[in-house]
Amino acid sequence: MIDKGASVVITHHIKKGKENEYEQWLIEISEICKSSTGFVDWQIIRPIHDLTYVYTVIIRFNTIANLKSWMESPARRELIQKASLLFAKDDNYTIRSGLDFLFNAGNEQPKVPVRWKQYLVTWSAIYPLSLLIPLIILPILRSLNLPQHRYVDAFFISGVVVLLMVYVIMPYYTKLIKAWLYK
């Protein structure tokens, strides 16, 4: 991960009428950032005039360590403090390895599917597991000489179902149906 480089996506919500001051501040901070160890690239996505007030700054460094060093540096901290009166919201950023920042816009929260789709997806994954897992787990429990007990059986079955849902089924299932799920 360290060898792939690292990116940070920074979003600044600027108060209306403070755009020119922020642009001047960007020049100041960019000069210092660009002279930092491991700096690779700097891009600014500016807001639409009189419509939006969010600036997105994407900075790339050659390693995560160098990126973190810049993000936690006293120089950056002082410059953020200096610009804090221009911000409508706090300085917000997300550090990513490599180029994965391209798949998640830094100025948006991760998308969450509508609840009815979450319900259908979860139900469609749990239903077959609730039929199959007891067929596997119950014979194992009996072979371990555990007596049949409704609550003990349910404990182990539900544990295996949740384990499979979280680590095996849902990561792949949601990728498979991503187009429908987030539509």
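Residues numbered from 1 in each chain as written. Predicted model: local features only at pLDDT ≥ 70, side-chain atom pairs only at ≥ 80, totals over all residues. Heavy atoms only, no water.

For helix 4 (residues 115-143), with 29 residues, the first-to-last C-alpha span of 41 Å sits near the 42 Å given by 1.5 Å per residue. Of all the bends in helix 4, the greatest, near 30 degrees, is centred on I133, and the proline P134 appears no more than four residues after it. Inspection of helix 4 places K117, V121, A125, L129, I133, P134, I137 and L141 among the buried residues, and these make up the whole buried set. Tucked inside the fold, the buried residues of helix 4 contact helix 5 (150-176) and helix 6 (178-181). Taken from the residues just after helix 4, N145 is the one with a positive phi, measuring 60 degrees. (Helix = DSSP H or I, 4+ residues; strand = E, 2+ residues; numbered from the N terminus. Expected span 1.5 Å × (residues − 1). Bend = angle between axes of the 7 residues up to and from the residue. Buried < 20%, exposed > 50% of the residue type's maximum accessible area, 1.4 Å probe, protein only. Contact = heavy atoms within 4.5 Å.)

Across the interface, helix 4 lies against helix 5 with an axial gap of 8 Å and an inter-helix angle of 135 degrees. Here helix 4 lies oblique to helix 5, going by the angle between them. Crossing geometry of helix 4 relative to helix 5 is assigned as right-handed. Between helix 4 and helix 5, the contacting residues are V121, T122, S124, A125, I126, L129, I133, P134, I137, L138, L141 and R142 on the first element and D153, F156, I157, V160, V161, L164, M165, I169, M170 and Y173 on the second. (Axes fitted to C-alpha atoms, helices over the stretch in contact; angles between N-to-C directions. Parallel < 35°, antiparallel > 145°, perpendicular 65-115°, else oblique. Left-handed = near helix turned anticlockwise from the far one by under 90°.)

As a further point, take the packing of aromatic side chains. Following the criterion strictly, the structure yields 8 aromatic pairs and no others. Among the aromatic side chains, those forming a connected cluster through ring pairs are Y22, W25, Y55 and F87. (Phe/Tyr/Trp six-rings, centres within 6.5 Å; stacked < 30°, edge-to-face > 60°.)

With that settled, consider the confidence of the model for the protein chain. Scored by pLDDT, the protein chain has a mean of 85; 89% of the residues are at 70 or more. When the criterion is pLDDT under 50, residues 99-110 qualifies, and its contacts beyond four places in sequence or with other chains add up to 12 contacts. (pLDDT = per-residue confidence, 0-100.)

It is worth spelling out the pairing of strand 1 (residues 6-13) at this point. Among the 8 residues that make up strand 1, 7 are buried, leaving the element largely enclosed by the rest of the structure. Where strand 1 meets strand 3 (residues 54-61), 8 bridges bridge the pair, whose relative direction is antiparallel. Bridging from a neighbouring strand, V8 pairs with I59 of strand 3. (Pairing = 2+ DSSP bridges.)

Bringing the pattern of salt bridges into the picture now. Using the criterion set out here, one finds 6 salt bridges in the structure. As a salt-bridge pair, K18 and E21 come within 3.6 Å of each other at their nearest N and O atoms. Exposure remark for K18: the relative accessible area of 28% places this residue in the partly exposed category. Assessed through its relative accessible area of 43%, E21 is described here as partly exposed. In this structure, K82 engages E28 in a salt bridge whose closest nitrogen and oxygen atoms are separated by 2.7 Å. A residue pair is termed long-range when its members are at least 10 positions apart, and K82 in helix 3 (residues 74-83) and E28 in helix 1 (residues 19-34) qualify at 54 residues. Judged by its relative accessible area of 30%, E28 is partly exposed. (Salt bridge = Lys/Arg side-chain N within 4 Å of Asp/Glu carboxyl O.)

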